[in-house]
Each structure stands twice: as C-alpha cells, then as structure tokens.
Amino acid sequence: MPIFDISGDKLSSVEQKNFALEKDLQSLIEKNLETVFNCRFIASEFSTGAQHAGRIDSLALSEEDNPVIIEYKKVESSELINQSLFYLHWIQDHKGDFEIAVQKKLGNGVKVDWSDVRVICIAPNYKKYDLHAVQVMGANIELWKYRLFSNNSLYLEEVFHTAKSSTVTTSSATSDTGYKNPVMVEAGKKAALTRATAIYTFDERLEGKSDEIRELTAIMREFIIGLDESIEEVPKKFYVAYKISQNIACMEVKGRNIKLFLKLKPLDIPEGTKNYRDVTSIGHYGTGDVEFTVSTEAEFEPVKEFIVMAYNKVGG
C-alpha cells in the first residue's frame, strides 16, 4: 500500500518505517483512541491476576458502552490472536474487575453494556492461517493492519472482522494435529452465547412499519452501505449503526419517519438546514450529536451530503 507525496504535478513515494518499540505503537493509539476508534481509554497493561498471569495491552469502552480489548504487535505474530482470545475469555469471567476499572476512570454513572465485547488486534500483517482461525471462532475480533511512513503518517486498515461472519463454529478451534486449544474453544463458546442472546436483526427494526417507511429505509440503507464496501451494518436494540472504525450514522426507524444521527458537530450544519436539530444535550439512542428527521425520499436527498461528510470525517 504505497503512498505518495504530491508536489505540484510530481509524485514521490514515501518510505515505510516501523516503530522502534511496540510500546510506541500502543501509546500512540491509547492517546488517540477517540480519534481512531471513538473509544474512551480505561487502562493500560491491565493485570489479569496471578492465576491468568497476563496483561491486557489496552482496555477501553466503546461509544456504545461495550468493553474493548486492544492488543498490539510490531511484527507479524500468531501469538497476537491467541492472546486476544485468552483475554476475551478472561473478561467474560471477570466482568466485575472491568466495571470497577471503568468506574475509577470514568465515574460511577457509566454503565457497561455486556451485550458485546469488542476485541481489536493491531499488527503490520497477518498470516493466512490466522485469518482462518479467527473466522471459525465467531468471536467479535477485528484484525487491523498498520503502516508507518517516514513523513509520520500512520495508515490503519481493517483486514478482517469476524462479527461480519454469519456462522459461529466453536468446534472448529482445532489445530491440524487434532489438538483442541481449550482457551480458544471456551472463548468461542462464550462468543457464540453472546451472539445468540444479544445480536439483533435489521428486519426487527421494520416490524409493524408501513410499506412507505420500509421503502424509505431501504433507500437510505442502500445509500449508506454503497459509500464503501468496508461499512458494516450493526443492528442494535433500538437502532441500526453503520460503522467502519467507529459509527458514521445511526438509523432509528419510527412509525412515520426515520431519525438519522450522524457523527458530525452542530457547527458542521449550516443555519436554516431543514429537518435538522442539535441533540447534543438531548437524550437519544443512536450515537452522534446531529439528528435529521426524514419522512420522504425527497427529504432524504439533501441529507446525503451530510452522510458523506460524516463518512469522510470518520476517515473512510
């Protein structure tokens, strides 16, 4: 993935480099969690206790209050995925420890949503065997590839996300020799249980809605997903989120209209924009401080430019 400097009409390639220390990569991401993944930092090098004898590189809380585990490697390593599954298993059994850490960092008013646990792996590359391993596990593991360049640019790309797979197979956590890794099997079982009890469907958001609202929903959905093949649709209990590294838009289907919440600031919206309101201080289900109320396809047309703006700001 080469990148080029532009000088007038001339292009010059930018040399790749790497971090001197793995800790440098970790520190950079931790200090910019909100910018990169829209997560709140909880802890670094979090101990899993004497029995497990491990340390989770980074703990965070997502924009939807889900636990987030982040593990890093500055070289290609299968150990990264094994560690991540190990910590996923641990956190499911130690919810109280995580909640105490959240309260210490963010205050007692923050409630953790355990309907999902997000695991993020960041490394320069992954082996094909690793991609297969995480695919069969069914856990919500994201594999992100990074590149550091000599002009101090950092490129991040999601190369795999098991939550996008529709099949969960816990029995497949077996090596070619027939040995079943108990940590991977147990982590897969817990992930499967979470998916079975907490995952919602897009169709549930349309139950009881009129044909007009269903058609409008399909039009809006098609436009958002069509912006980038990397955009993921994540149905929640009360809305549907559209995200890459973080939410771009959240769609709440109502009886007579659709509420669309965008990851923009109210200052991004020109004064006098129709069907818009600032919801910074107003409680709502979807994430984002900008709300558009759309009742017809004609009303949706001018909203498209703001969806594209949100997509570009998130870094699509």
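Predicted, not measured: the structure shown is a model, and the values here were computed from it. Counting of residues starts from 1 at the beginning of each chain's written sequence and follows it residue by residue. The model is predicted, so local features are restricted to residues of pLDDT at least 70 and side-chain atom pairs to those at 80 or more, both for listing and for counting; the totals for chains, interfaces and linings are taken over all residues. Where side-chain values are given, they derive from all heavy atoms of the structure, hydrogens and water being excluded.

## Quick look at the confidence of the model for the protein chain
Residue-level confidence of the predictor is what pLDDT reports, using numbers from 0 through 100. With 86% of its residues at a pLDDT of 70 or more, the protein chain shows a mean pLDDT of 84. Throughout residues 165–198 the model reports pLDDT below 50, and contacts reaching past four residues in sequence, or to other chains, amount to 48 contacts. Here, two residues are considered to be in contact whenever any of their heavy atoms come within 4.5 Å of each other.

## Focus: helix 5 (residues 95–106)
Every helix listed is a DSSP run of H or I at least four residues long, and every strand listed is a run of E at least two residues long, numbered separately from the N terminus. Here, expected helix span is obtained from the residue count minus one, scaled by 1.5 Å. Spanning 12 residues, helix 5 covers 16 Å between terminal C-alpha atoms, matching the ideal 16 Å at 1.5 Å per step. Relative accessible area decides the class of each residue, using a 1.4 Å probe on protein chains only: under 20% of the type maximum gives buried, over 50% gives exposed, and in between gives partly exposed. Three or more residues of helix 5 are buried, namely Phe-98, Ala-101 and Val-102. Along the long axis of helix 5, the arc covered by the buried residues comes to 100°, so they all point the same way. Remark: Gly-107 follows helix 5 within two positions and exhibits a positive phi of approximately 105°. The arc under discussion is defined with respect to the helix axis, by the directions toward the C-beta atoms.

## Some remarks on the pattern of salt bridges
What counts as a salt bridge is simple: a side-chain nitrogen of Lys or Arg found within 4 Å of a carboxyl oxygen of Asp or Glu. A full pass over the atoms with the stated rule returns 12 salt bridges. Notably, a salt bridge pairs Arg-221 with Glu-233, separated by 2.7 Å at the nearest N-O pair. Taken together, the residues Arg-221 in helix 8 (residues 211–225) and Glu-233 in strand 10 (residues 232–235) connect sequence positions 12 residues apart. Take Arg-221: its relative accessible area is 29%, and that puts it in the partly exposed class. Owing to a relative accessible area of 21%, Glu-233 belongs among the partly exposed residues under this scheme. Linking Glu-291 and Arg-277 is a salt bridge whose minimum nitrogen-to-oxygen distance equals 2.6 Å. Of the two residues, Glu-291 is situated in strand 15 (residues 290–294) and Arg-277 in strand 14 (residues 276–278); the sequence distance between them amounts to 14 residues. Given the relative accessible area of 3%, Glu-291 is considered buried.

## A look at the packing of helix 4 (residues 79–93) against helix 5
Helices that pack against each other are described as a pair by the angle of their axes relative to one another and the distance between those axes. Structural elements are reduced to axes, namely lines fitted to C-alpha atoms, with helices fitted over the stretch in contact, and the angle between N-to-C directions of any two is expressed from 0 to 180 degrees. Running from amino to carboxyl end, helix 4 crosses helix 5 at an angle of 85°, the nearest separation of the two axes being 5 Å. The angle between helix 4 and helix 5 places the two elements in the roughly perpendicular class. Residues Trp-90, Ile-91, Gln-92 and Asp-93 of helix 4 form the contact with helix 5, whose participating residues are Lys-95, Asp-97 and Phe-98. A class-by-class count of the residues in the contact of helix 4 with helix 5 yields three nonpolar, one polar and three charged. Roughly parallel here means an angle under 35 degrees, roughly antiparallel means over 145, roughly perpendicular means 65 to 115, and every remaining angle is called oblique. Amino acid classes used here: Ala, Val, Leu, Ile, Met, Phe, Trp, Tyr, Cys and Pro are nonpolar; Asp, Glu, Lys and Arg are charged; the rest, including Gly, are polar.

## Remarks on the environment of Leu-262
Along the chain, Leu-262 falls in strand 13 (residues 258–262). For Leu-262 and Ile-248, which are 14 residues apart along the polypeptide, the C-alpha to C-alpha distance reads 6.0 Å. Beyond its immediate chain neighbours, meaning those up to four positions away, Leu-262 contacts Ile-248, Ala-249, Gly-288, Asp-289, Val-290, Phe-292, Phe-306, Ile-307 and Ala-310.

## Quick notes on the environment of Ala-101
Here Ala-101 lies in helix 5. The buried category is assigned to Ala-101, whose relative accessible area is 11%. Through-space distance from the C-alpha of Ala-101 to that of Leu-59 is 9.1 Å; in sequence the pair is 42 residues apart. Excluding anything up to four places from it in sequence, Ala-101 contacts Ile-42 and Phe-46.

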